[in-house]
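Now for the letters of each chain:
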Amino acid sequence: MIHSFNPPARTLMGPGPADVHPRVLAALARPTIGHLDPAFVAMMDELKTLLRGAFRTDNALTMPVSAPGSAGMEICFVNLVEPGDTVVVCINGVFGSRMKENVERAGATAVMVEGTWGRAVDPEQVERTLAAHPEARILAFVHAETSTGACSDAQALAEIARRHDCLTICDAVTSLGGSPLEVDAWGLDAVYSGSQKCLSCTPGLAPVTFSERALDKVRARTTKVNSWFLDLNLIMGYWSGEQKRSYHHTAPVNALYALHESLVMLAEEGIEQAWARHAHHHQALRAGLEALGLELIVPEAERLPQLNAVAVPAGIDEAEVRTRLLARYNLELGAGLGSLAGKVWRIGLMGYSSRPENILLCLGALGTELGALGHQTDTGAALAAARAVLGTD
Ligand SMILES: *Cc1c(COP(=O)(O)O)cnc(C)c1O
């Protein structure tokens, strides 16, 4: 006999999902109504307004895709990229290689800007590549590389793209809500995100926003979009237009209540305050990690506050430490991916996970278990260092 599933209560400090706020979980449990119900349609209009606030844009086409962040990536590529196009793709971690896959599956050519894992995308390298490829129509890059903890200068990259007459596709899955992102002021064209990182919501939704320039390219297509579900021409009929909302797919009704609640909470906090909170908590975690003798792999000027990749000390089995943290403290940290597998832990401070008590739990647990495995640490000093930064928080 299989019984109801009751998951353990964990503290999620990995690369996502992050801790979901209780208010968001409560919103999920509200009564399901029809997805064309006038009350639901009114909620969707608020959701679009709230998303525009989070993305800092006036873009009319700003909405959540009913699928995870990867579908946010895919909706940008399948609509904007046409067979025969050339797309310049920056790669400095895991997610850039997925962009390349998307470009090639859309029948286009990907020209890669190969960067270094753990570093920001180099704007000069992008400039040179775009100059060498005047046929390029699009520049694609990851703003916040969750696989390494590096933050690229999206504003500078958008400026270079515009000078070379390219649209931008920007992965803001981990940046939205966690560190500065200015879609309109920076002139980004197609930006996608995810619900489960710095928005403190459950996984499974992908907020996206498209500039008019991006939509002009979609409208000018001479070939059909190679996906029925993600064809913007069809989705726009469902999400835009105040009167005639036509059936496209059944919206994930309760999941959208959850996203609405998380965005209401973000608006209550204030987006700039949310950015400041993530930055402040990153400084506290960093002070504690340094007191433990641990090092962040990304140079200071290129670090994300919400994702901290920490070098595993010599002689320590990184998986053993994560296993102990999960079993003994209900604490989840992330492992390294790709070339960083076995070499780093990824400590997320995303959304509702970015709280003083989580920082202290993480430092206390990590220091204690490293000590138990024979690595010299001073856990008390780490907690004191973090407390000193947190002040009266
Ligand atoms: C998590 C993540 C994604 C993918 O989102 P899913 O919801 O897992 O599909 C894409 N890009 C980045 C940078 C991410 O961190």
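Report follows, based on the coordinates. (Residues numbered from 1 in each chain as written. Predicted model: local features only at pLDDT ≥ 70, side-chain atom pairs only at ≥ 80, totals over all residues. Heavy atoms only, no water.)

1. Focus: the pattern of salt bridges
Part 1 of the argument: The full count for this structure, using the stated rule, is 24 salt bridges.
Part 2 of the argument: Residue Arg213 is joined to Asp189 by a salt bridge in which the shortest nitrogen-to-oxygen separation is 2.8 Å. Residue Arg213 is located in helix 8 (residues 212–219), and its partner Asp189 is located in the loop between helix 7 (183–186) and strand 9 (190–192); the two are separated by 24 residues in the primary sequence.
Part 3 of the argument: On the basis of relative accessibility, which here comes to 3%, the residue Asp189 falls in the buried class.
Part 4 of the argument: The closest approach of N and O atoms between Arg219 and Glu212, which form a salt bridge, is 3.5 Å.
Part 5 of the argument: Judged by relative accessible area, Glu212 falls into the partly exposed class, the value being 44%.
Part 6 of the argument: Among the charged side chains, a salt-bridge network with shared partners connects Arg23, Arg30, Glu261 and Glu268. (Salt bridge = Lys/Arg side-chain N within 4 Å of Asp/Glu carboxyl O. Helix = DSSP H or I, 4+ residues; strand = E, 2+ residues; numbered from the N terminus. Buried < 20%, exposed > 50% of the residue type's maximum accessible area, 1.4 Å probe, protein only.)

2. What to know about helix 12 (residues 318–329)
Part 1 of the argument: In this model helix 12 runs 16 Å from its N-terminal to its C-terminal C-alpha over 12 residues, within 8% of the 16 Å that 1.5 Å per residue would give.
Part 2 of the argument: Along helix 12, the residues that are buried comprise Glu318, Val321, Arg324 and Leu325. Projection of helix 12 onto a plane perpendicular to its axis shows the buried side chains occupying an angular sector of 125°, all on one side.
Part 3 of the argument: Looking at the buried residues of helix 12, the elements they touch are strand 12 (331–335), strand 13 (344–348) and helix 13 (356–372).
Part 4 of the argument: The opening residue of helix 12 is Asp317, an N-cap whose side-chain oxygen sits 3.1 Å from the backbone nitrogen of Ala319.
Part 5 of the argument: Immediately downstream of helix 12, the backbone of Asn330 shows phi near 55°, a positive value. (Expected span 1.5 Å × (residues − 1). Arc of directions from axis to C-beta. Contact = heavy atoms within 4.5 Å. Polar contact = N/O pair within 3.5 Å; in protein donor to acceptor, adjacent residues only side chain to side chain.)

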